[in-house]
Amino acid sequence: MIRASIIGALIALLCFLPPILHFILGPFGPMIGGYFAALRMTERKPSFKDLAYTGLLTGLLLTVSILIISIPTYFIIQMVGDDPIDIFESVLLLSGIFLGILIWALVLGTVGAVLAAGSIKKRLHE
């Protein structure tokens, strides 16, 4: 499950790379990643609970990777800028942004995994 979630998070991050397509694929990256992560688990006939956990873990991994990249970047920009914002305000702003990213990634990652559950059930019943 963890390996499938890592693959899903990487797929979600790759959706941001194509120069023109990232406007379309980027917002749906967690859903695409969650879908492919759940499809990766088809070998052992996962339960709905396993698929939901995979979607949630994909969203968490995506959020953590965005945090690792953006926090140092944000504080470097604040240090270089002419009028730095108070540290408390900066942390409060970052917390709100990352809470939004976390909710976005968790919801879409789980939706993608649930959609994959329907695909898996169709395949198993055919």
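The rules behind these values
Residues numbered from 1 in each chain as written. Predicted model: local features only at pLDDT ≥ 70, side-chain atom pairs only at ≥ 80, totals over all residues. Heavy atoms only, no water. Helix = DSSP H or I, 4+ residues; strand = E, 2+ residues; numbered from the N terminus. Buried < 20%, exposed > 50% of the residue type's maximum accessible area, 1.4 Å probe, protein only. Contact = heavy atoms within 4.5 Å. Areas by Shrake-Rupley, 256 points an atom, 1.4 Å probe, with all protein chains shown as cover. Expected span 1.5 Å × (residues − 1). Arc of directions from axis to C-beta. pLDDT = per-residue confidence, 0-100. Core = buried A, V, L, I, M, F, W, Y, C linked by side-chain atoms within 4.5 Å. Phe/Tyr/Trp six-rings, centres within 6.5 Å; stacked < 30°, edge-to-face > 60°. Patch = residues over 30% accessible without salt bridge, like charges linked within 9 Å, V, L, I, M, F, W, Y side chains within 5 Å. Salt bridge = Lys/Arg side-chain N within 4 Å of Asp/Glu carboxyl O.

Turning our eyes to something else, we now look at the overall build of the protein. When its secondary structure is counted, the protein shows five helices and zero strands. Starting at the N terminus and ending at the C terminus, the protein contains elements arranged as α-α-α-α-α. Every one of the 126 residues in the protein was classed for burial, and the buried ones make up 34%. Contacts spanning at least 24 positions in sequence make up 75% of the contacts within the protein whose residues lie at least 6 apart. Accessible surface, the protein as shown: approximately 8,000 Å² in total, 76% of it carbon and sulfur.

In this section: helix H1 (residues 2-14). Along its 13 residues, H1 runs 18 Å from first to last C-alpha, staying within 8% of the 18 Å computed at 1.5 Å per residue. Of all the positions in H1, only Ala4, Ser5, Gly8, Ala9 and Ala12 are classed as buried. For H1, the arc enclosing every buried residue in end-on projection is 140°, short of the 170-degree limit, so these residues lie on one face. For H1, exposure combined with an orientation more than 90 degrees from the buried face picks out Arg3 and Leu14.

All right, on to the confidence of the model for the protein then. Atom-level detail of predicted coordinates should not be read off regions where pLDDT is low. Confidence in the prediction of the protein, expressed as mean pLDDT, is 76, and 83% of residues score 70 or more. Across the protein, the secondary-structure element scoring lowest on mean pLDDT is helix H2 (residues 22-25), at 74, and the one scoring highest is helix H3 (residues 29-39), at 81.

For the rest of this paragraph, the subject is the nonpolar core. Across soluble globular proteins, nonpolar side chains have a tendency to be buried as a group. The biggest cluster of nonpolar side chains holds eight residues, and these are Ala12, Leu62, Ile66, Tyr74, Leu94, Phe98, Ile101 and Ala105. Those elements that place two or more of their residues in this core are helix H4 (48-80) and helix H5 (87-125). At four residues, the largest contribution of residues to this core is made by H5. When neighbours within four sequence positions are excluded, leucine 94 is seen to be in contact with Tyr74 and Phe75.

Within the element layout of this structure, threonine 63 appears in helix H4. With residues up to four places along the chain from it excluded, the contact list for threonine 63 reads Phe98, Ile101, Leu102 and Ala105.

Following the criterion strictly, the structure yields one aromatic pair and no others. With a centroid separation of 5.6 Å and an interplanar angle of 90°, the aromatic rings of tyrosine 35 and phenylalanine 36 are classed as edge-to-face. On the basis of relative accessible area, phenylalanine 36 is assigned to the partly exposed category, the value being 42%.

Let us look at a nonpolar patch on the surface. There is a patch of nonpolar side chains on the surface, built from Leu99, Ile103, Val107, Val111 and Leu115 and spanning about 430 Å² of accessible area. By the element assignment, leucine 99 lies in helix H5.

It is worth spelling out the environment of tryptophan 104 at this point. One can find tryptophan 104 in helix H5. Judged by relative accessible area, which is 25%, tryptophan 104 ranks as partly exposed. Residues tryptophan 104 and proline 30, spaced 74 residues apart in sequence, show a C-alpha to C-alpha distance of 8.1 Å. Tryptophan 104 has contacts with Phe16, Gly26, Pro27, Pro30, Leu62 and Ile66, leaving out every residue within four places of it along the chain.

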